[in-house]
Amino acid sequence: MSEDSELTAVLSVLNDEYARGILTATSQEPMSAKKLSEYCDASLPTIYRRIEELQECGLLAERTRPDPDGNHYSVYTARLERFAVDLSDGEWAATVERTDAAEDDPADRLTRMWEEL
Amino acid sequence: MTTLQVLPQTPMGIALVLASLLSTVVGLFIGYQAYRGFRRNHSTPMRFLSLGLLLLATSYGLAFTGTMLLRQGTIPLQYQNPIRLGVRLVQLTGLSCILYSLYRRP
């Protein structure tokens, strides 16, 4: 039996409801860990663990945003677009389509650009 | 005068109308992206930038509509200067919003 290692890693991460919740939320708008913890109704450590797992699979992107005090905090955006599994002749293969790390929503790019002026 | 008679027949006239329409559309689109940036990132500067850009785009539309209606005779000619002033005031408000967004830190 031959299994794709990316397949098992992604399946394992997506099997978790909190990880899925994080992706659901961040596919709509960038969110901080704190907001995700409220959204998913999970503790902050749990969220941070899922964030790390998602980042290891390249499914979540991280950016920093300034807060009113001038400090920076991280916001996350979902990179997963499509996940497909193929089984052919005893071989498993996973297709993971991700948003290009450099490419992001023009509205977010404009926001970053303008705030940095 | 009917609307058809008012529409420009010359290439220059057509180009002017097209340019005005496109300016309004492009301006509105940029303003829309700025508004999305405000909603997605909860950014106050973006709120004012989007407001300013939308006002500027609207001013193009107002200028265009005003010119057409004046030419058509729907609006009496004595309103030409008040309309011009109105357009300039909308532009000034838009620019002020953009200026404010530059100084208002998130």
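Quick caveat, the model's predicted, so the values are computed rather than measured.

Draft legend 1. Region of the structure containing the overall build of chain B. The secondary structure content of chain B amounts to 4 helices and 0 strands. Ordering the α and β elements of chain B from the N terminus gives α-α-α-α. For chain B, the C-alpha radius of gyration of 17 Å lies well beyond 13 Å, the compact-globule estimate for 106 residues. Its C-alpha atoms put chain B at 50 × 25 × 20 Å along the principal axes. The proportion of buried residues among the 106 residues of chain B is 32%. Within chain B, contacts between residues at least 6 apart in sequence are counted, and of these 69% link residues at least 24 apart. Accessible area for chain B stands at about 6800 Å²; split by element, carbon and sulfur atoms hold 71% of it.

Draft legend 2. Structural context of the sheet that holds strand S3 (residues 72–78) of chain A. Residues and elements named next belong to chain A. Taken in spatial order, the 3 strands line up as S1-S3-S2 in an open sheet, and their pairing is antiparallel. Since the sheet does not close on itself, it has two edges, and those belong to strand S1 (31–32) and strand S2 (60–66), each with one partner. Two elements, S1 and S3, share 2 bridges in a ladder whose sense is antiparallel. Across the sheet, residue Met-31 finds its bridge partner in S3, namely Tyr-76. Strand contacts of helix H4 (residues 44–56): S2 and S3, with the helix running at about 120° to S2, the strand carrying the most contacts.

Draft legend 3. Structural context of the packing of helix H3 (residues 44–72) of chain B against helix H4 (residues 80–103) of chain B. Residue and element names in this part refer to chain B. With their axes 7 Å apart at the nearest point, H3 and H4 run at an angle of 165° to one another. If you check the angle between H3 and H4, you find them roughly antiparallel. H4 is crossed by H3, and the crossing has left-handed handedness.

Draft legend 4. A look at the interface of chain A and chain B. Between chain A and chain B, the residue contacts involve 17 residues of the former and 18 residues of the latter. Each partner contributes to the roughly 1500 Å² buried at the junction of chain A and chain B, and carbon and sulfur atoms together form 53% of this total. The largest per-residue losses of area from chain A upon contact with chain B belong to Leu110(A), Trp114(A) and Glu115(A), which jointly make up 36% of the total buried on that side. With a shortest N-O distance of 2.8 Å, Arg36(B) and Asp105(A) are connected by a salt bridge. Of all the secondary structure elements, the ones that give two or more residues to the side of chain A that touches chain B are S2 and helix H5 (106–115) of chain A. In terms of residue count, H5(A) provides more of the side of chain A that touches chain B than any other element does, 7 residues in total. When the residues that make up the side of chain A that touches chain B are grouped by side-chain class, the tally is 8 nonpolar, 2 polar and 7 charged.

Draft legend 5. Region of interest: the environment of Ile22(A). All names here are of chain A. Among the secondary structure elements, Ile-22 is positioned in helix H2 (residues 17–26). When its relative accessible area of 0% is taken as the criterion, Ile-22 is described as buried. Along the backbone, Ile-22 and Tyr-39 are 17 residues apart, and their C-alpha atoms lie at a distance of 8.2 Å. The contact partners of Ile-22, leaving out residues within four places of it in the chain, are Leu-36, Cys-40, Ile-47, Arg-50, Ile-51, Leu-54 and Leu-60.

Draft legend 6. Seen up close, the packing of aromatic side chains. Residue and element names in this part refer to chain B. Under the counting rule described, the total for this entry stands at 2 aromatic pairs over all chains. Their ring planes at 50° and their centres at 5.9 Å tell us that Tyr-35 and Phe-38 sit as a pair that is tilted. Here Tyr-35 pairs with Phe-38, and both are found in helix H2 (residues 11–41), just 3 residues apart, close to one helical turn. Exposure remark for Tyr-35: the relative accessible area of 34% places this residue in the partly exposed category. For Phe-38, a relative accessible area of 16% puts it in the buried group.

Draft legend 7. Seen up close, helix H3 (residues 33–40) of chain A. Residue and element names in this part refer to chain A. Residues Ala-33, Leu-36, Ser-37 and Cys-40 constitute the buried set of H3. Buried residues of H3, viewed axially, fall in a sector of 105°; they line one side. Turned more than 90 degrees away from the buried face of H3, the exposed residues are Lys-34 and Glu-38. Each element contacted by the buried residues of H3 is listed here: H2, S1, H4 and S3.

The rules behind each value
Residues numbered from 1 in each chain as written. Chains lettered and ligands numbered in written order. Predicted model: local features only at pLDDT ≥ 70, side-chain atom pairs only at ≥ 80, totals over all residues. Heavy atoms only, no water. Helix = DSSP H or I, 4+ residues; strand = E, 2+ residues; numbered from the N terminus. Rg over C-alpha atoms; globule rule 2.2 N^0.38 Å. Buried < 20%, exposed > 50% of the residue type's maximum accessible area, 1.4 Å probe, protein only. Contact = heavy atoms within 4.5 Å. Areas by Shrake-Rupley, 256 points an atom, 1.4 Å probe, with all protein chains shown as cover. Pairing = 2+ DSSP bridges. Axes fitted to C-alpha atoms, helices over the stretch in contact; angles between N-to-C directions. Parallel < 35°, antiparallel > 145°, perpendicular 65-115°, else oblique. Left-handed = near helix turned anticlockwise from the far one by under 90°. Buried area = accessible area lost by both parts, 1.4 Å probe. Salt bridge = Lys/Arg side-chain N within 4 Å of Asp/Glu carboxyl O. Nonpolar A, V, L, I, M, F, W, Y, C, P; charged D, E, K, R; others polar. Phe/Tyr/Trp six-rings, centres within 6.5 Å; stacked < 30°, edge-to-face > 60°. Arc of directions from axis to C-beta.

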